[in-house]
Amino acid sequence: MSEKSIVTVFPFSAPGAARGQVSVADISLVSPNSLEQFAAAHWRFGTDATSLTEPLNSHVLTPAIAPTYSENYLTLANAAFGGLTSDILDSNSMTVCLVAQYELPATSNQTVLVSTRTASAGNDGLLVYIDSAGVIHYDPILASGAVNVPLVAPALNAGDWFFLALTADHANLQTRAFVGGGTLLQEASDALPANPTHGITLGNDGYFNVNTYKTGTSFAELIYFPTPLTHDQVLRVYLRAKLRLRDTAGITLV
């Protein structure tokens with residue numbers, strides 16, 4: 001996928017030999033309210049239920065239980081089936097990016113961040129959750145069985161906002177997972193997680209209706225690309241989200 005440059009404004013100029021690294025704090029997006037131009041869906045949450053419909057292609061997130069809305073984010077109901085379900089399936093190659101607030105679940109509970117699993121589909125699909133120790137797990141069901149991998153994330157404290165990206169490349173049977181500022185996880189397998197009957201869901205809207213798998217998480221953004229982005233492309237999305245949320249929502253991404 002070709003990608004156009006995003007123009008940034010620097011508070012200084014420097015000749016070639018004097019150029020060095022520039023802090024993110026010294027960079028501004030020319031159009032901070034802009035959405036990801038190559039995305040097929042880009043939700044920016046907040047204010048009210050109108051933010052459940054994204055403006056690029058009018059994809060809708062459907063709640064089983066109504067979330068609560070703040071000015072620049074929403075918070076899912078803290079219940080087993082409190083998630084938001086999209087009409088976007090994971091059976092094709094894709095990239096999903098989200099911005100969520102980090103919170104420790106109660107003892108023995110798991111906070112589901114994103115999932116396509118349902119018990120009726122044999123639990124096939126992907127699942128990313130935070131365990132009671134605060135570790136973020138990437139847990140897809142593959143043809144060879146479950147692969148539960150803890151993701152290497154930056155140091156996170158309760159209340160921190162973080163960026164998560166998942167890619168699925170069905171042509172090359174490869175998945176990637178990335179937590180902003182952390183280390184890329186890259187997995188090759190004999191199949192990729194897919195649930196042809198249930199859309200990509202923020203939180204838990206189909207994976208076991210028990211209180212162990214609660215939601216209750218706050219989300220600021222959800223972005224869907226119909227292609228598997230490279231690591232460099234994901235990094236650019238992360239950096240643009242960092243600037244966009246800083247400049248328009250007062251949210252600091254770790």
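For clarity, every value in this text was computed on a predicted model and none was experimentally measured. (Residues numbered from 1 in each chain as written. Predicted model: local features only at pLDDT ≥ 70, side-chain atom pairs only at ≥ 80, totals over all residues. Heavy atoms only, no water.)

S.K.: In this structure, what is going on with the pairing of strand E10 (residues 127-130)? I would like to understand it.
M.R.: Two faces belong to every sheet, and in a regular strand the side chains alternate between them. Every second residue of E10 is oriented toward a common face, with Leu127 and Tyr129 on one face and Val128 and Ile130 on the other, all of them buried. Sheet topology places strand E9 (residues 110-115) next to E10; 4 bridges connect them, and they run antiparallel. Within the sheet, the bridge partner assigned to Val112 lies in E10 and is Tyr129. (Buried < 20%, exposed > 50% of the residue type's maximum accessible area, 1.4 Å probe, protein only. Helix = DSSP H or I, 4+ residues; strand = E, 2+ residues; numbered from the N terminus. Pairing = 2+ DSSP bridges.)

S.K.: Could you clarify how one ought to interpret the side chain of Gln233 in this entry?
M.R.: Position of Gln233 among the secondary structure elements: in helix H1 (residues 231-249). At a separation of 2.9 Å, a polar atom in the side chain of Gln233 contacts the main-chain amide nitrogen of Thr230. (Polar contact = N/O pair within 3.5 Å; in protein donor to acceptor, adjacent residues only side chain to side chain.)

S.K.: When you look at the pattern of salt bridges in this model, what are you seeing that I'm missing?
M.R.: Pairs can form between side chains of opposite charge once their charged atoms are near each other. This model, assessed by the stated rule, comprises 5 salt bridges. Among the ionic pairs, Glu36 bridges to Arg240, the shortest N-O distance being 2.8 Å. Placement of the pair is Glu36 in the loop between strand E2 (28-29) and strand E3 (41-44) and Arg240 in helix H1, with a sequence separation of 204 residues. Each member of the pair Glu36 and Arg240 is classed as buried. When the shortest N-O distance is used, the salt bridge between Arg244 and Glu221 registers 2.8 Å. Pair noted here: Arg244 is in helix H1 and Glu221 is in strand E20 (residues 218-225), with a separation of 23 residues, a long-range link. (Salt bridge = Lys/Arg side-chain N within 4 Å of Asp/Glu carboxyl O.)

S.K.: Mind showing me how you'd approach the packing of aromatic side chains here?
M.R.: The full count for this structure, using the stated rule, is 4 aromatic pairs. Aromatic pair Phe163 and Tyr238: ring centres 5.4 Å apart, planes at 50°, arrangement tilted. Of this pair, Phe163 sits in strand E15 (residues 161-169) while Tyr238 is found in helix H1, placing the two residues 75 residues apart along the sequence. Accessibility classification places Phe163 together with Tyr238 in one group, the buried group. Note on Phe178 and Tyr238: the rings are 6.2 Å apart at their centroids and 75° apart in plane angle, and the pair reads as edge-to-face. Here the residue Phe178 occupies a position in strand E16 (residues 174-179), and Tyr238 occupies one in helix H1, the gap between them amounting to 60 residues. In this structure Phe178 comes out as buried when scored by relative accessible area, which is 3%. Tyr238 gets classed as buried once you look at its relative accessible area, which sits at 8%. What links up through ring pairs into an aromatic cluster is the set Phe163, Phe178 and Tyr238. (Phe/Tyr/Trp six-rings, centres within 6.5 Å; stacked < 30°, edge-to-face > 60°.)

S.K.: Just checking my understanding: could you explain unusual backbone geometry for this structure?
M.R.: Phi is mostly negative for residues that are not glycine, and the peptide bonds are mostly trans. In the Ramachandran plot, Thr47 falls in the positive-phi region, its phi being about 75° despite a non-glycine side chain. Here Thr47 is to be found in the loop between E3 and strand E4 (62-63). The phi torsion at Leu173 lies on the positive side, around 50°, for a residue other than glycine. As for its placement among the helices and strands, Leu173 is situated in the loop between E15 and E16.

Function-wise, these values are silent; they only describe arrangement.
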